[in-house]
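# Architecture and fold: a report
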Amino acid sequence: MVKQLSLRILIIFFSILNYYETNAQFPFYNRDKLDAKIILYNSTDTVEVKVIVRRTMEGALDELSFYNVVKYEKDGKKDSYPEARIDYMEFIDYDKKRIYVTSRKTDIKNARGLWEVKYKGKLTWYREYYPTLFPLYYRLLHGTNYGTRDFFVREGEMPVNAKQRKITLLQLTSDRPDLVSRIRAIKTEHDALQIFRLYDI
């Protein structure tokens, strides 16, 4: 009886923590506003706003700031766009330009939401950010409250799930044997980005 009660208390406790973590009320977050350019679905007009984002206590952008809804401020008034209404969004994050596009443009079945464009060239790198079932637990293990999926696309071809980054790059750059040793030596995301840049040369 005591064990069952203790287990229920723990479940309720972690459920509450996960709720606050998911809804950004947990004290891991600070608010920030970033100058952004947005193009809405079926429009060519660029809307300039300040997107409202969450940052961790370490200052990193919480990638789920744009999940389901993009909150923004314009002319001193706060409002929001459903994530599905946005085709393109760009902003500067610590001097780094970041671009997100609707996953509708990727031709991937069941894709949803905004995906970051990590690199665009002969090879393009998309990254999807998604919420986890237990964000607080995930944060303790991985340092983030979200998961990621990467997709690589060669010009004119369908996107490929890059769960095995090295193997995927070796397949997509099979016409460039000079990159094989560099790909096999990849250890960091920066190393992988270098392959994308070299493939454009």
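Preceding this paragraph is the structure being described.
Now for a look at the structure at hand. (Residues numbered from 1 in each chain as written. Predicted model: local features only at pLDDT ≥ 70, side-chain atom pairs only at ≥ 80, totals over all residues. Heavy atoms only, no water.)

### Brief notes about the packing of helix α3 (residues 165-172) against helix α5 (residues 189-199)
Where α3 meets α5, the axes come as close as 12 Å, and the angle between the chain directions of the two elements is 5°. Between α3 and α5, the angle falls in the class roughly parallel. Listed contacts from α5 to R165, L169 and L172 of α3 are E189, A192, I195, F196 and Y199. Split into classes, the residues belonging to the contact of α3 with α5 amount to six nonpolar, no polar and two charged. (Axes fitted to C-alpha atoms, helices over the stretch in contact; angles between N-to-C directions. Helix = DSSP H or I, 4+ residues; strand = E, 2+ residues; numbered from the N terminus. Parallel < 35°, antiparallel > 145°, perpendicular 65-115°, else oblique. Contact = heavy atoms within 4.5 Å. Nonpolar A, V, L, I, M, F, W, Y, C, P; charged D, E, K, R; others polar.)

### Brief notes about the pairing of strand β9 (residues 146-154)
As paired strands, strand β8 (residues 123-131) and β9 are joined by nine bridges and run antiparallel to one another. Bridging from a neighbouring strand, P131 pairs with Y146 of β9. The turn joining β9 and strand β10 (residues 160-161), which pair antiparallel and follow one another in sequence, is formed by five residues; a positive phi near 80° is taken by G156. (Pairing = 2+ DSSP bridges.)

### Let's talk about the packing of aromatic side chains
This model, assessed by the stated rule, comprises eleven aromatic pairs. Taking 5.0 Å as the distance between ring centres and 10° as the angle between the ring planes, the aromatic pair formed by W115 and F151 counts as stacked. With W115 in strand β7 (residues 114-119) and F151 in strand β9, this pair connects stretches of sequence that are 36 residues apart. Residue W115 shares its accessibility class with F151, and that shared class is buried. Between F152 and F196, the aromatic rings sit 5.0 Å apart at their centres with planes inclined by 80°, giving edge-to-face as the arrangement. Here F152, found in strand β9, pairs with F196, found in helix α5; they are 44 residues apart in sequence, far enough to count as distant. Each of the two residues, F152 as well as F196, counts as buried. In textbook terms, an aromatic cluster arises when at least three aromatic residues are bridged by ring pairs, as seen for Y119, W125, F152 and F196. Sitting over the face of the ring of Y94, R55 holds its NZ or CZ atom 4.4 Å from the ring centroid. (Phe/Tyr/Trp six-rings, centres within 6.5 Å; stacked < 30°, edge-to-face > 60°. Buried < 20%, exposed > 50% of the residue type's maximum accessible area, 1.4 Å probe, protein only. Lys NZ or Arg CZ within 6 Å of the ring centre and 35° of its normal.)

### A look at the side chain of E83
When you line up the elements, E83 lands in the loop between β4 (77-82) and β5 (86-93). Residue classification places E83 among the buried residues on the basis of a relative accessible area of 6%. Apart from residues no more than four positions distant in its own chain, E83 is found in contact with F66, Y67, N68, V69, R112, G113 and L114.

### Side note on the pattern of salt bridges
All chains considered together, the criterion is met by 18 salt bridges. Across the pair E73 and K33 runs a salt bridge whose closest N-O atoms are separated by 2.7 Å. Taken together, the residues E73 in strand β3 (residues 69-74) and K33 in strand β1 (residues 29-40) connect sequence positions 40 residues apart. One salt bridge in this structure joins R98 and E63, with 2.6 Å as the shortest N-O distance. Within this pair, whereas R98 is found in strand β6 (residues 96-102), its partner E63 is found in the loop between β2 (46-56) and β3, the two being separated by 35 residues in sequence. Here R98 and E63 have matching classes, each one buried. (Salt bridge = Lys/Arg side-chain N within 4 Å of Asp/Glu carboxyl O.)

Nothing here speaks to function; it is geometry throughout.
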